[in-house]
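# Structural overview
Now for the letters of each chain:
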Amino acid sequence: MFFNPNHKQTETEQEVKTTHEARTSSGLKNHVAEVAISFKEPMTYAEIQAKLPDNLLINWYWLGMASDQLSVTDTIGKVIGINADEAGKLEDESLETSSSSSWSSANYPSFVTAVKTAAEKRGYNVAGIDIYKDALKQVEKYPTLKTAKFVGIIVSGRTENLATLDDEPYIFATNVGLQAEILPYIEPTK
C-alpha cells in the first residue's frame with residue numbers, strides 16, 4: 001500500500017493507519033522482501049537515485065495522486081506508475097512515433113503517452129475520481145523524466161538492508177508486500 005502524506009483526512013480519520021513495516025523485517029534473517037515506500041514530499045528521479053541505498057533495487061516508481069481525496073484503501077491496486085528496468089532505472093529516450101506507448105516499458109516518454117491515451121479513451125473512476133485523468137495532470141505537469149516527480153517507489157532487497165528505511169527523513173511510510181527466504185539456488189540481485 002502507498003500512503004499520500006497530503007491526504008485530506010487526518011490519520012485518526014483514515015481507516016488504515018500509516019505503516020512503518022520495513023523496520024519489522026530486521027528479524028527475518030536470510031530473507032528478501034518487497035516494500036512500498038511513500039515519500040514525505042514528491043522527489044525527482046535524480047533525487048531518488050541519490051538518496052536510495054545502492055543495496056536496494058527499485059522495481060517501480062509511483063506517480064502519486066494529484067487529488068487529495070482518495071484514501072489508502074481507495075487506491076489499493078489502483079495506483080499508476082512506471083516499471084523500472086532490471087537495474088532499477090528509467091529511460092528518457094524520445095519516442096519514435098507519437099502513438100508509441102507502453103505501460104510495461106521503463107521509458108518515461110512511452111509512459112506519458114500511455115497515460116494520455118488512457119485518459120482520453122479509457123476512464124476508470126475510484127470514489128468519483130478518474131485515476132487516468134488524475135495521472136494526466138501529473139504527466140502534464142512533469143512531461144520529461146528530468147522534471148518528473150514521484151511520490152513513492154517499490155523496492156526489493158535483503159531484509160537487513162530494508163530495515164533502516166523507516167529511519168530515513170524523506171520517507172513517510174513503508175509497507176511490506178511480500179517476503180521470501182533466500183535459497184542457495186536463487187541469489188538475489190541486491
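Here, every reference points to the structure presented above.
Structural notes, computed from the coordinates. (Residues numbered from 1 in each chain as written. Predicted model: local features only at pLDDT ≥ 70, side-chain atom pairs only at ≥ 80, totals over all residues. Heavy atoms only, no water.)

Glancing now at the nonpolar core. A general tendency of soluble globular proteins is for nonpolar side chains to be buried together. Counting residues in each nonpolar core, the largest one holds 48 residues, and the members touching the most others are Tyr61, Tyr108, Phe150 and Val155. Within the residue set of this core, elements represented by two or more residues are β1 (31-44), α1 (45-51), β2 (57-62), α3 (108-121), α4 (131-141), β6 (149-158) and β7 (171-181). Discounting residues that sit within four places of it in the chain, Val155 has contacts with Ala33, Glu34, Val35, Ile37, Leu52, Leu56, Leu57, Ile58, Asn59, Leu162 and Leu165. (Core = buried A, V, L, I, M, F, W, Y, C linked by side-chain atoms within 4.5 Å. Buried < 20%, exposed > 50% of the residue type's maximum accessible area, 1.4 Å probe, protein only. Helix = DSSP H or I, 4+ residues; strand = E, 2+ residues; numbered from the N terminus. Contact = heavy atoms within 4.5 Å.)

A separate point is unusual backbone geometry. In this structure, Asn30 takes a positive phi of about 60° despite not being glycine. Position of Asn30 among the secondary structure elements: in the segment before β1.

The buried fraction of β2 is high, at 5 of 6 residues. Inspection of the sheet shows β2 paired to β6 by 5 bridges, in the antiparallel sense. The partner of Ile58 across the bridge, within β6, is Val155. In this structure, β2 lies alongside strand β3 (residues 81-83), joined through 3 bridges in antiparallel fashion. When the bridges of β3 are listed, Trp60 appears paired with Asn83. (Pairing = 2+ DSSP bridges.)

Glancing now at the sheet that holds β2. Read across the sheet, 5 strands follow the order β3-β2-β6-β1-β7 without closing on themselves; strand pairing throughout is antiparallel. At either end of the open sheet lies a strand with only one pairing partner, and these are β3 and β7. On average, adjacent strands in this sheet sit at an angle of 25° to one another, irrespective of strand direction. (Axes fitted to C-alpha atoms, helices over the stretch in contact; angles between N-to-C directions.)

Quick look at the environment of Met1 now. Tracing the chain through its elements places Met1 in the segment before β1. The class of Met1 is partly exposed, set by a relative accessible area of 32%. Taking the C-alpha atoms as reference points, Met1 and Ile154, separated by 153 residues in sequence, lie 9.8 Å from one another.

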